[in-house]
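# Topology and contacts: notes
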Amino acid sequence: KQSRSVHNKKIRRTMKSTKLIEKKRPVIGSIIEICIDDKYYTYAQKLQSAHYLFFDYYSIHKIEDSKIIYTLNKLFILPIYRDTYQRPNWKVFNKIEIREEFKILPLEFIYDKFTDRYKICDTNTGEIRESNREEIIGLEMCAVWPWYCIEDRIRDHYEGKVCIWVKSMYGEIFENYQELYG
């Protein structure tokens with residue numbers, strides 16, 4: 001019969017081998033460097049709650065000066081799963097001021113496929129109101145994204161491909177889901 005401490009050590013050792021890498025937790029304003037396919041670099045900034053601003057940058061060259069990141073355009077804003085930043089290829093790079101235009105999160109939409117009804121969600125206030133198909137054009141669906149879907153979406157965007165995750169989410173609503181973005 002094993003002692004309790006020996007048993008606990010074995011459990012901890014097993015947990016360590018399967019555990020995500022312990023990293024510095026991002027705070028509002030943190031810049032995350034994301035390396036996709038061990039080759040391309042892109043960057044995101046932590047906003048309120050689980051939302052991140054993904055910048056329009058995809059290059060084999062790392063950005064060394066965070067002042068450059070401050071000038072980049074928005075690719076999209078999405079909420080991500082809490083443990084995503086613990087991925088080995090997602091690293092807290094720096095912390096910079098959030099630009100004024102990104103301090104308030106964009107509206108998102110909710111679609112109920114059983115009733116064919118739309119709602120608009122203000123993620124800043126939590127307010128949800130009835131909406132229509134025309135009003136949701138240009139908005140992101142209210143959904144939390146896992147790391148692999150985000151990486152696929154970024155990669156596919158720059159390769160000019162249709163992202164399977166975007167298509168699966170918006171394809172039920174729009175035959176040509178690309179009209180969603182106007």
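Higher on the page you've got the structure.
Not measured: the values here are computed from a predicted model.

## Re the overall build of the protein chain
Secondary structure assignment for the protein chain yields 4 helices and 9 strands. Counting from the amino terminus, the protein chain carries its helices and strands in the arrangement α-β-β-β-α-β-β-β-β-β-β-α-α. Here the protein chain holds 182 residues, and the buried ones make up 40% of them. The long-range fraction of contacts in the protein chain, counting pairs at least 24 apart against all pairs at least 6 apart in sequence, stands at 55%. Element-wise, carbon and sulfur atoms account for 52% of the exposed surface of the protein chain, whose accessible area totals about 11,300 Å².

## Side note on the nonpolar core
Soluble globular proteins: nonpolar side chains tend toward being buried together. Counting residues in hydrophobic clusters, the biggest one holds 27 residues, and the most contacted among them are Ile34, Phe54, Trp90, Phe109, Trp145, Ile150 and Ile154. Elements that contribute at least two residues to this core include exactly strand 1 (30-36), strand 3 (51-55), strand 4 (74-79), strand 6 (108-112), strand 7 (117-122), helix 3 (147-159) and helix 4 (164-170). Apart from the residues within four sequence positions on either side, isoleucine 150 is in contact with Phe54, Leu78, Ile80, Trp90 and Trp145. By size, the runner-up hydrophobic cluster in this structure holds 16 residues, among which are Leu47, Leu72, Ile96 and Leu105.

## Focus on the sheet that holds strand 9 (residues 140-141)
Strands sit in the order 8-7-6-9 across an open sheet of 4 strands; the sheet is mixed. Each edge of the sheet is formed by a strand with only one pairing partner; in this case those strands are strand 8 (127-131) and strand 9. Pairing analysis gives 5 bridges linking strand 6 to strand 7, with the strands arranged antiparallel. Directly across from phenylalanine 109, in strand 7, lies its bridge partner isoleucine 120.

## Regarding the environment of histidine 51
Checked against the element boundaries, histidine 51 lands in strand 3. Residue histidine 51 is classed as buried on the basis of its relative accessible area, which comes to 5%. When the C-alpha atoms of histidine 51 and tyrosine 81 are compared, they prove to be 9.3 Å apart, with 30 residues separating the residues in sequence. Non-local contacts of histidine 51, meaning those with residues more than four positions away in its chain, are made with Gln45, Lys46, Ile77, Leu78, Pro79, Leu105, Glu108 and Thr123.

## What about the pattern of salt bridges?
Scanning the model with the defined rule gives 11 salt bridges in all. Taking the shortest distance from any N to any O, the salt bridge between arginine 99 and glutamate 101 comes out at 3.1 Å. For arginine 99, a relative accessible area of 12% translates into the label buried. For lysine 119, the salt bridge is made with glutamate 130, and the minimal N-O distance between the two is 3.9 Å. One end of the pair, lysine 119, is in strand 7; the other, glutamate 130, is in strand 8, and 11 residues separate them in sequence.

## Some remarks on unusual backbone geometry
Residues apart from glycine generally show negative phi values, whereas peptide bonds are mostly found in trans. Here the phi dihedral of aspartate 37 falls at roughly 60°; this positive angle occurs in a residue that is not glycine. Structurally, the position occupied by aspartate 37 is in the loop between strand 1 and strand 2 (40-46). In this structure aspartate 37 comes out as partly exposed when scored by relative accessible area, which is 46%. Despite not being glycine, aspartate 38 shows a phi value in the positive range, around 55°.

Thresholds applied
- Residues numbered from 1 in each chain as written.
- Predicted model: local features only at pLDDT ≥ 70, side-chain atom pairs only at ≥ 80, totals over all residues.
- Heavy atoms only, no water.
- Helix = DSSP H or I, 4+ residues; strand = E, 2+ residues; numbered from the N terminus.
- Buried < 20%, exposed > 50% of the residue type's maximum accessible area, 1.4 Å probe, protein only.
- Contact = heavy atoms within 4.5 Å.
- Areas by Shrake-Rupley, 256 points an atom, 1.4 Å probe, with all protein chains shown as cover.
- Core = buried A, V, L, I, M, F, W, Y, C linked by side-chain atoms within 4.5 Å.
- Pairing = 2+ DSSP bridges.
- Salt bridge = Lys/Arg side-chain N within 4 Å of Asp/Glu carboxyl O.

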